[in-house]
Amino acid sequence: MRFVLADTALHELPCDLLALPVSERGSLEGNAARVEQAAGGRLAEIARADGFTGARGQVVLVHTPEAPFRRALLVGVGREAGTEALRRYAATAIRRARDVRAARVALATSVASATEDTPPDERVRAVVEGAGLGIYRFDRYRSHDEPAPAEVLLAAGDGDRGALGRAIRAGEVAVDATCRARDLVNEPANVMTPAALADAARAVAAGSGLGLTVLELDEARAMGMGLFAAVAAGSAEPPKFIVLEYRPDASGPAPRTVALVGKGITFDTGGLSIKPAGGMRTMKSDMAGAAAVIATMGALRDLAVPVRVFGIAAATENMINGRATRPGDIVRGLGGKTVEIVNTDAEGRLVLADALAYAVRAGVDEIIDLATLTGACVVALGDWTAGLMGNDQALMDRLLRAAAQAGEQLWQLPLYDEFLEAMRGDISDLKNSAGREGGAERAAAFLREFVGTAPWAHLDIAGPAFAEDKGAPPYIAAGGTGYGVRTLLRYLASPR
Ligand code: BES
Ligand code: MN
Ligand code: ZN
């Protein structure tokens, strides 16, 4: 799907479908005057007859043989007119365009008659993101799939065309990276093994000139990653400890270094502390943090990110065999601390502990981890919001700002010292699991023990990484969502 900046007004664009965002507040006549006129003055009447009020998600499709556009689609955006409304509008429009086999689609980049305080380049980017993410389907295993529209014309008025073109490009890069993360998550666990994830990292590295190191189990063990090895112990699939490295092109003073760390459990059975069937069903998505990290790494050069970035993914299954780690086993991690593995289903914090310690050893200036870590975080924040915890409020504030810009829901949870108390071991330094209270925070308190003094932020993405049921915005299909990629890209494009 190609995005093209149009050089005429929306209502003059020859296309198969013109989609118009209509707010609930403004009258349709006022909103759509010129499109209405071009369509022969029938839109408002038909819309009214169909009960269209502009409520969010409502659509009316009208054939308009007199107009340069063959059909007009009115898309309700409710009472909002910001970037999130545009993202939803564009996604709704593009999905409908595919349904009616439209090849050329014209999209607006503002909600007519609504007061508009978002700059034009941000609006263009939101429309590109909405359309690009909205058209996504995981179609590798479908026998036939309807083609996506070939071309999307963006009517953006007469702003700075250079800036608008760059906004389109930034939107496309964010879409491609997000969809790459979605693909990695959507692949079933029999395909997306740790080795396959390492291959995906290799492809990313080759595609954008990144360094790549993949540690095998014996190397990881020799280095001291006992916790990672303990999780991998029960699996027949060889684990992979994946490290990507991006260096900015510009040669100047040594740039700051950020580590992105992702939980890469390609399937989480729970181990000997086995999950019930219902809880296990979607656990191919337990590598969504790693997928987000790997996909983000592949977009850094396109966005000319100015800092050095490590992308670290600790990839293994959490399975059961005769060598599987037992509840009660005590293991030493890379950071030197010992952990009693009270519950083998609390495996994410184990592999992350070694990955965080690895980042600390690499001498990075700050660390951001993404992990489908706890069901407790989903209970606290629901399906669409990730939990944010960390040891550096300034870093977390910057991430909250990036998430808001990206349109990803992120909410800070507290990390009081008392959360660590429950995680202290009886005969070891730490244990990996305690009672159910404050589960997301206790997990984060455990992780904090492995980052030393480095500024660190942890995103628990157990809820938003995978879309299961209704209520998803139209730019998110069922399955992997690519959550975190857009926030990370916003953050890294302007990290201070
Ligand atoms: N991968 C799960 C967390 C999860 C749950 C992700 C639901 C996505 C949706 C994680 O490894 C896990 O099993 N966590 C346990 C921790 C507990 C044993 C302390 C949990 O949340 O129950
Ligand atoms: Mn688990
Ligand atoms: Zn898990």
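Each chain has its residues counted from 1, running along the sequence as written. Note on labels: chains are lettered from A, ligands numbered from 1, in written order. Where local features are concerned, this predicted model is filtered to residues with pLDDT of at least 70; where side-chain atom pairs are given and counted, the filter is 80 or more; whole-chain, interface and lining totals use all residues. To obtain the side-chain values, all non-hydrogen atoms of the structure were included, while hydrogens and water were left out.

Asks: With reference to specific residues and values, describe the overall build of the chain.
Replies: Secondary structure summary: the chain contains 17 helices and 19 strands in total. Using C-alpha atoms as the atom set, the radius of gyration is obtained and then compared with a globule rule of 2.2 Å times the number of residues to the power 0.38. Its C-alpha radius of gyration of 24 Å places the chain within 12% of the 23 Å reference for a compact globule of 496 residues. For the chain, the spread of C-alpha atoms along the three principal axes comes to 80 × 55 × 45 Å. For every residue, the accessible area (1.4 Å probe, protein chains only) is compared with the maximum for its type, and the residue is labelled buried under 20%, exposed over 50%, or partly exposed between those bounds. When burial is assessed residue by residue, the chain has 58% of its 496 residues classed as buried. The contact definition used throughout considers only heavy atoms, calling two residues in contact when any of these lie within 4.5 Å. In the chain, of all internal contacts separated by at least 6 residues, the share reaching a separation of at least 24 is 77%. Where accessible areas are quoted, they stem from the Shrake-Rupley method and a 1.4 Å probe; at the residue level, only the protein chains shown are allowed to cover. Approximately 19,300 Å² of the chain is accessible, and the part contributed by carbon and sulfur atoms is 49%. To qualify as a helix, a DSSP run of H or I must reach at least 4 residues; to qualify as a strand, a run of E must reach at least 2; elements of each kind are numbered from the N terminus.

Asks: Before we move on, can you summarise the coordination of the manganese ion (ligand 2) with the specific residues and values?
Replies: Each metal's donors are the N, O and S atoms within 2.8 Å of it, or within 3.2 Å when it is Na, K or Ca, and because water is not part of the set, sites may look incomplete. Protein ligation of the manganese ion (ligand 2) involves D268 (OD), D345 (O), D345 (OD) and E347 (OE), the donor distances falling in the range 2.1 to 2.2 Å. Coordination at the manganese ion (ligand 2) is irregular, judged from the 6 donor atoms that bind it and the angles of 71 to 169° they form at the metal. Between the manganese ion (ligand 2) and the zinc ion (ligand 3), a separation of 3.1 Å is found, and both are coordinated by D268. Angle rules define the geometry names used: all angles between 85 and 135 degrees makes four donors tetrahedral, while opposite donors over 155 degrees apart and all other angles between 65 and 115 make four donors square planar and six octahedral, leaving every other case irregular.

Asks: Before we move on, can you summarise the site of ligand 1 with the specific residues and values?
Replies: Residues are classed as near a molecule or strand on a simple rule: at least one heavy atom within 4 Å of it. Taken together, 15 residues form the shell around ligand 1, and within it K275, D286, D345, E347 and G375 come nearest. D286 is positioned with one of its side-chain polar atoms (N or O) 2.8 Å from a nitrogen atom of ligand 1. Any pair of N or O atoms that falls within 3.5 Å is considered a polar contact. Within protein, one atom must be able to donate a hydrogen and the other to accept it, and sequence-neighbouring residues count only if both atoms are side-chain atoms. E347 is positioned such that a nitrogen or oxygen atom in its side chain is 2.8 Å from an oxygen atom of ligand 1. Against a free-state accessible area of 520 Å², the protein chains account for coverage of 77% of ligand 1. With respect to the detected pockets, ligand 1 is housed in the largest pocket. In the shell around ligand 1, the residues fall into 3 nonpolar, 5 polar and 7 charged. Lining residues are those with an atom within 4 Å of a point, where the points come from a 1 Å grid over the protein atoms alone and group into cavities, where a 1.4 Å probe fits but cannot get out, or pockets, open sets with protein on both sides within 12 Å along at least five of seven lines. Whether a molecule sits in a cavity or pocket is decided by its atoms, more than half of which must lie within 2 Å of the grid points. All amino acids are sorted into three groups, where Ala, Val, Leu, Ile, Met, Phe, Trp, Tyr, Cys and Pro are nonpolar, Asp, Glu, Lys and Arg are charged, and the leftover types, Gly among them, are polar.

Asks: Can you lay out helix α16 (residues 439–448) for me, pointing to particular residues and giving the numbers?
Replies: Taken across its 10 residues, α16 has 10 buried, putting it largely inside the fold. Residues of α16 that are buried include every one of G439, A440, E441, R442, A443, A444, A445, F446, L447 and R448, and no others.

Asks: Kindly report on the packing of helix α12 (residues 348–361) against α16, identifying the contributing residues and their values.
Replies: Across the interface, α12 lies against α16 with an axial gap of 9 Å and an inter-helix angle of 30°. Judged by the angle between their axes, α12 and α16 are roughly parallel. Considering how the two elements wind past one another, α12 and α16 form a crossing that is right-handed. Packed against α12, whose contacting residues are R349, L350, L352, A353 and L356, the element α16 presents A443, F446 and L447 at the interface. Classifying every residue of the contact of α12 with α16 gives 7 nonpolar, no polar and 1 charged. Only the stretch in contact is used when fitting a helix axis, every axis being a line fitted to C-alpha atoms; angles between N-to-C directions are given from 0 to 180 degrees. Roughly parallel here means an angle under 35 degrees, roughly antiparallel means over 145, roughly perpendicular means 65 to 115, and every remaining angle is called oblique. Throughout, a crossing is termed right-handed when the near helix is turned clockwise from the far one, and left-handed when it is turned anticlockwise from it by less than a right angle.

Asks: Can you break down the sheet that holds strand β6 (residues 151–155) residue by residue, with the values?
Replies: One requirement defines pairing of two strands: DSSP has to find at least two bridges between them. Taken together, 6 strands build an open sheet; the order of strands is β1-β6-β5-β2-β4-β3 and the sheet is mixed. Whereas interior strands pair on both sides, the edge strands pair on one side only; in this sheet they are β1 (2–5) and β3 (59–63). For this sheet, the mean inter-axis angle between neighbouring strands, taken without regard to orientation, is 20°. Sheet topology note: the β1/β6 ladder contains 4 bridges and is parallel. Counted as the bridge partner of R2 is E151 from β6. With respect to the sheet, helix α6 (residues 161–186) is in contact with β1 and β6, its orientation differing from that of β1 by roughly 165°.

Asks: Before we move on, could you go through the packing of aromatic side chains and cite the residues and values that matter?
Replies: Aromatic contacts are taken between Phe, Tyr and Trp rings whose centres are within 6.5 Å, Trp giving its six-membered ring; a plane angle under 30 degrees counts as stacked, one over 60 as edge-to-face, and the others as tilted. Throughout the structure, instances matching the rule amount to 5 aromatic pairs. Ring plane angle 55° and centroid distance 5.7 Å describe the contact between F138 and Y141, whose orientation is recorded as tilted. Residue class for Y141 comes out partly exposed when judged on its relative accessible area of 48%. Summarising the aromatic geometry, the rings of F446 and F450 are spaced 5.3 Å apart at their centres and angled 45° between planes, so their arrangement reads as tilted. The class of F446 is buried, set by a relative accessible area of 0%.

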